[in-house]
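For reference, the chains in residue letters:
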Amino acid sequence: MMGDGSTSGYGGYDGYDPENPGAVGGRKMSRIDKNIDSDTDSSTSVGKQMEMEAGNTIKYRTCSWPKTAALLFSEYICLAIMSFPYSYSVLGLAPGLILTVVVAALVLYTSYTVWEFCLRHPEVKDVCDIGQMLFWGKEWAWWATAVMFILNNTFIQGFHCLVGAKYLNTITNHSVCTIGFSAIVATISFVCSLPRTFSTLAKLGTASAFFTFISVLLATIFAAIEPHPYGYDPVKLGEPLVLVVPAAGTTFVAGMNAFMNISYTFIGQITIPSFIAEMKNPKDFPKALWAVTIAEVILFSLVGAIVYDYTGTQYNVAPAFGSLGNEVYKKVSFSFMIPTLIFLGVLYASVSARFVYFRIFAGTRHMGSHTVVGWASWAAILAVTWLFAFIIAEVIPFFSDLLSLMSSLFDSFFGFIFWGVAYLRMRKADHGPGFWKVRGIRGMTGYVFNIILILIGLLFLTAGTYASVESIIQGYAASSFGGPFSCASNGV
């Protein structure tokens with residue numbers, strides 16, 4: 001937890017000096033709790049942090065921007081891409097593509113806000129520190145953010161236990177009870193979570209993103225070349241139907257869930273402070289950010305549109321592997337997703353474990369050295385997160401609705417509300433309470449836009465949560481998915 005009176009300097013834009021942080025490039029840059037020009041404590045600046053851990057066996061500030069890009073690619077280029085064809089089938093192709101670009105642009109903008117905040121406050125270790133600072137150093141804000149942070153990450157781990165079991169059921173034709181498959185995925189993921197720095201995980205992340213790209217590429221090609229999608233029935237359902245706009249009678253719940261699926265795939269700002277906290281040169285973060293944003297917009301749009309075009313509204317399921325009619329095509333393309341099924345859960349487990357571990361062992365030799373106590377504690381923290389993830393996977397045994405529920409509960413804060421507030425706090429620190437007046441049209445535009453971001457977050461939290469819960473209730477009522485802790489197959 002951060003102290004209320006932290007007053008460190010920061011390193012940031014091109015040309016910055018981490019030991020002399022004042023105004024950069026003619027732009028005034030102030031802390032939200034205190035102007036960095038006055039009485040700064042350079043002991044927590046980026047340069048000093050690297051200096052202090054120079055003699056440690058385990059070093060944390062070791063990530064270059066390509067390694068950070070690899071982490072971002074592994075986070076965003078993931079299985080959730082295969083929910084885009086389903087989302088487009090509900091929203092219609094034109095609204096779906098427009099929302100894809102709009103959400104990507106909003107996430108890019110808010111990610112820049114996160115980055116700027118971290119530059120001003122280099123002592124920030126994760127989003128929980130930011131949560132406390134945004135709400136005037138209040139302890140309750142730290143705890144509230146911490147609860148949401150851990151729940152978000154554990155839900156994502158649970159999601160990957162669920163989908164890992166779905167894959168194993170698909171590839172083995174349900175040779176083992178689904179609970180067993182979930183346990184197997186959780187155990188393998190626990191072992192893969194053991195590395196303690198993001199620099200090490202970045203190597204695994206590169207492989208994960210590459211194999212995911214191969215997986216979705218194969219699925220897209222297979223959807224185009226096979227004669228018919230799964231469940232093809234020209235008499236009852238007709239030929240695959242592609243809608244430019246939503247079908248008449250599309251419900252609010254269905255449309256909101258489809259939108260949430262798209263949003264969930266893009267919104268990942270929750271991990272950015274943790275990644276930046278381990279970068280050697282935080283000013284390089286935008287290079288990684290732009291690389292992954294351009295790639296994801298192109299990939300998500302093409303995969304979503306092409307697969308939807310060949311599978312149509314009637315034959316579309318999430319994930320889209322289930323829409324492939326050829327069993328070999330389905331199993332081959334799904335199999336290339338294995339590294340991501342494991343790694344993305346591993347990444348979020350590592351972020352959670354890092355958060356807990358740093359609070360317990362801050363300032364001790366267990367942080368920077370290989371000790372029995374340190375490694376045993378690290379492993380125990382990870383084991384607890386994976387145990388809860390396994391339970392979540394068994395209690396909430398569905399794919400699309402789980403994506404929507406996570407998006408509405410957590411992306412509301414970590415995708416929009418936090419960063420709208422962060423912008424307002426930073427501009428107030430730079431220009432005073434009337435910043436929207438003294439900066440002219442630019443100040444007014446920024447003020448209004450970030451208020452809108454906060455309102456979007458509130459929409460996610462209210463209407464989004466309602467739609468997600470209602471869809472889950474409808475799914476259980478229609479027996480669309482198995483019960484909790486069920487051995488029944490959930491294969492595609």
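What comes next is a walk through the structure. (Residues numbered from 1 in each chain as written. Predicted model: local features only at pLDDT ≥ 70, side-chain atom pairs only at ≥ 80, totals over all residues. Heavy atoms only, no water.)

1. Structural notes on the environment of A383
When you line up the elements, A383 lands in helix α15 (residues 372-395). Taking C-alpha positions, A383 is 9.9 Å from L194, a pair spaced 189 residues apart along the chain. (Helix = DSSP H or I, 4+ residues; strand = E, 2+ residues; numbered from the N terminus.)

2. Thoughts on the pattern of salt bridges
Where side chains of opposite charge bring their charged atoms close, a pairing between them can arise. Enumeration according to the criterion identifies 11 salt bridges in this entry. For E327, the salt bridge identified is with K330, shortest N-O distance 3.2 Å. You can see E327 and its partner K330 sitting in helix α12 (residues 327-335), three residues apart, about one turn around the helix. What makes K330 buried here is its relative accessible area of 1%. For R427, the salt bridge is made with D430, and the minimal N-O distance between the two is 3.7 Å. On the criterion of helical spacing, the pair formed by R427 and D430 is a turn pair, its members being three residues apart in helix α16 (residues 400-431). For R427, a relative accessible area of 8% puts it in the buried group. (Salt bridge = Lys/Arg side-chain N within 4 Å of Asp/Glu carboxyl O. Buried < 20%, exposed > 50% of the residue type's maximum accessible area, 1.4 Å probe, protein only.)

3. Considerations on the state of the cysteines
Scanning the model with the defined rule gives one disulfide in all. Bridging C177 to C487, the disulfide has an S-S length of 1.9 Å. The sign of the S-S torsion, about -90°, decides the handedness of the disulfide formed by C177 and C487: left-handed. With C177 in the loop between α6 (139-172) and α7 (178-192) and C487 in the segment after α18 (440-477), this residue pair connects regions lying 310 residues apart in the sequence. Given a relative accessible area of 40%, C487 falls into the partly exposed group. (Disulfide = S-S within 2.5 Å.)

4. Some remarks on the environment of C161
When you line up the elements, C161 lands in helix α6. When the C-alpha atoms of C161 and A389 are compared, they prove to be 7.1 Å apart, with 228 residues separating the residues in sequence. Setting aside anything within four residues of it in sequence, one finds C161 in contact with S182, V185, A186, W386, A389, F390 and A393. (Contact = heavy atoms within 4.5 Å.)

5. Considerations on the packing of helix α13 (residues 338-361) against α15
Axis separation between α13 and α15 bottoms out at 9 Å; the angle between their running directions is 130°. Classed by the angle they form, the pair α13 and α15 counts as oblique. The handedness of the crossing between α13 and α15 comes out as right-handed. In this structure, α13 uses G345, V346, A349, S350, S352, A353, R354, V356, Y357, I360 and F361 to contact α15, whose residues at the interface are V373, G374, S377, W378, I381, L382, T385 and W386. (Axes fitted to C-alpha atoms, helices over the stretch in contact; angles between N-to-C directions. Parallel < 35°, antiparallel > 145°, perpendicular 65-115°, else oblique. Left-handed = near helix turned anticlockwise from the far one by under 90°.)

6. As for the nonpolar core
Core analysis: the biggest nonpolar cluster contains 132 residues, and M82 and F117 have the highest contact counts within it. Setting aside anything within four residues of it in sequence, one finds M82 in contact with V216, A219, V303, A318, P319, A320, F321 and M337. (Core = buried A, V, L, I, M, F, W, Y, C linked by side-chain atoms within 4.5 Å.)

7. Overview of helix α3 (residues 84-91)
For α3, the buried fraction is high: seven of the eight residues fall into the buried class. Considered for burial, the residues of α3 that qualify are F84, P85, S87, Y88, S89, V90 and L91. Contacts from the buried residues of α3 go to α4 (93-120), α9 (252-266) and α11 (285-311). Downstream of α3 by one or two residues, G92 has phi in the positive range, about 90°.

8. Let's talk about the packing of aromatic side chains
The geometry of an aromatic ring pair is captured by two quantities: the separation of the ring centres and the angle between the planes. Overall, the coordinates contain 31 aromatic pairs when judged by the stated rule. A centroid spacing of 6.2 Å and a plane angle of 70° characterise the contact between F135 and W136, whose relative ring orientation is edge-to-face. When the centroid spacing of 6.3 Å and the interplanar angle of 70° are considered together, the rings of F159 and Y264 count as edge-to-face. With a gap of 105 residues between them, F159 in helix α6 and Y264 in helix α9 connect regions that are remote in the sequence. Neither residue differs from the other here; F159 and Y264 are each classed as buried. Taken together, the ring pairs in this structure connect F135, W136, W140, F413, F414, F418 and W419 into an aromatic cluster. Above the face of the W375 ring, R196 is positioned so that its terminal group lies 4.8 Å from the ring centre. Sitting over the ring of Y230, K330 keeps its end group 4.8 Å from the ring centre. (Phe/Tyr/Trp six-rings, centres within 6.5 Å; stacked < 30°, edge-to-face > 60°. Lys NZ or Arg CZ within 6 Å of the ring centre and 35° of its normal.)

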